[in-house]
Amino acid sequence: MQTTASIQRTAHLRPLTISIADIKAWLNAKSELFTHMSGFCVTRREVLRVHLAFVAMVLGAAAATHSLLAAAICVALAGYNVYRLNQEDKDNWLKSEERLEEEGGEL
């Protein structure tokens, strides 16, 4: 039979679990600030991709004075982020325009 001390110890040892679904839901949620600034719906994933591309370009520019290889890697990472951003949102522009036309709004 377990004592109350061992039951209390095991109650405090809950595993730390982070659900991937929760993270994906957070990333796919609308970013209120950037949506308000840009005038169209922007997700947090898009905001992070744009900022990562910008940071990679800045690091590439800073690394260009010391190492051409590091600068090329940073530029490649920035290009990859822009490519993924374009691939994820390839059809979203058309769907948004079609939805606005159906609702009778102007672009």
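The rules behind each value
- Starting afresh in each chain, residues are numbered from 1 along the sequence in its written order.
- Only residues with pLDDT of 70 or above have their local features reported here, since the model is predicted, and side-chain atom pairs are shown and tallied only from 80 upward, although totals for entire chains, interfaces and linings are computed over all residues.
- In computing side-chain properties, one takes all heavy atoms of the structure into account and sets aside hydrogens as well as water.
- Strands here are runs of E lasting at least two residues and helices are runs of H or I lasting at least four, both read from the DSSP assignment and numbered beginning at the N terminus.
- Per-residue accessibility takes into account occlusion by the displayed protein chains alone, with areas from the Shrake-Rupley method and a 1.4 Å probe.
- Axis lines are fitted to C-alpha atoms, over the contacting stretch for helices. Their N-to-C directions set the angle, which ranges from 0 to 180 degrees.
- Between 65 and 115 degrees an angle is taken as roughly perpendicular, under 35 as roughly parallel, over 145 as roughly antiparallel, and anywhere else as oblique.
- Left-handed describes a crossing whose near helix is turned anticlockwise from the far helix through less than a right angle; right-handed describes the clockwise counterpart.
- The contact rule is simple, with two residues in contact once any of their heavy atoms fall within 4.5 Å.
- Nonpolar residues are Ala, Val, Leu, Ile, Met, Phe, Trp, Tyr, Cys and Pro. Charged residues are Asp, Glu, Lys and Arg, and all others, Gly as well, are polar.
- To count toward a patch, a residue needs a relative accessible area over 30% and no salt bridge; like charges are then connected within 9 Å, while nonpolar side chains (Val, Leu, Ile, Met, Phe, Trp, Tyr) are connected within 5 Å.
- When a carboxyl oxygen of Asp or Glu is within 4 Å of a side-chain nitrogen of Lys or Arg, the pair counts as a salt bridge.
- Think of it in three bands: with a 1.4 Å probe and only protein chains considered, a residue is buried below 20% of the maximum accessible area for its type, exposed above 50%, and partly exposed in between.
- Only four residue types enter the tally: Lys and Arg on the positive side, Asp and Glu on the negative side; His and the chain ends are excluded.

**Focus on the overall build of the chain**
Stage number 1. Of regular secondary structure, the chain possesses 6 helices and 0 strands.
Stage number 2. Carbon and sulfur atoms make up 64% of the accessible area of the chain, which totals about 9,000 Å².

**Examining the packing of helix 4 (residues 44-63) against helix 5 (residues 68-88)**
Stage number 1. The interhelical angle for the contact between helix 4 and helix 5, taken along N-to-C directions, is 160°, at an axis separation of 8 Å. Considered as vectors, helix 4 and helix 5 are oriented roughly antiparallel to each other. For the pair helix 4 and helix 5, the sense of crossing is left-handed. Across from R45, E46, R49, V50, L52, A53, A56, M57, L59, G60 and A63 in helix 4, the residues of helix 5 making contact are A70, A71, C74, V75, L77, A78, N81, V82, R84, L85 and E88.
Stage number 2. Looking at the contact of helix 4 with helix 5 residue by residue, the classes come out as 15 nonpolar, 2 polar and 5 charged.

**Concerning a nonpolar patch on the surface**
Stage number 1. On the surface, a cluster of nonpolar side chains totalling about 380 Å² of accessible area is made up of F54, V55, V58 and L59.
Stage number 2. Looking at where V55 falls in the secondary structure, it is placed in helix 4.

**Looking at the packing of helix 2 (residues 20-28) against helix 4**
Stage number 1. Interhelical geometry of helix 2 versus helix 4 gives an angle of 80° and a closest axis separation of 5 Å. Between helix 2 and helix 4, the angle falls in the class roughly perpendicular. Contacts between helix 2 and helix 4 pair K24, W26, L27 and N28 from the former with R44, R45 and L48 from the latter.
Stage number 2. Classifying every residue of the contact of helix 2 with helix 4 gives 3 nonpolar, 1 polar and 3 charged.

**Quick word on the side chain of E46**
Stage number 1. Within the element layout of this structure, E46 appears in helix 4.
Stage number 2. Look at E46: it is buried, it has no salt bridge, and the nearest opposite charge is R45 at 8.1 Å.
Stage number 3. Apart from residues lying up to four places away in sequence, E46 is in contact with C41, L85 and D89.

**A word on the side chain of N81**
Stage number 1. If you trace the backbone, N81 turns up in helix 5.
Stage number 2. When neighbours within four sequence positions are excluded, N81 is seen to be in contact with R49, L52 and A53.

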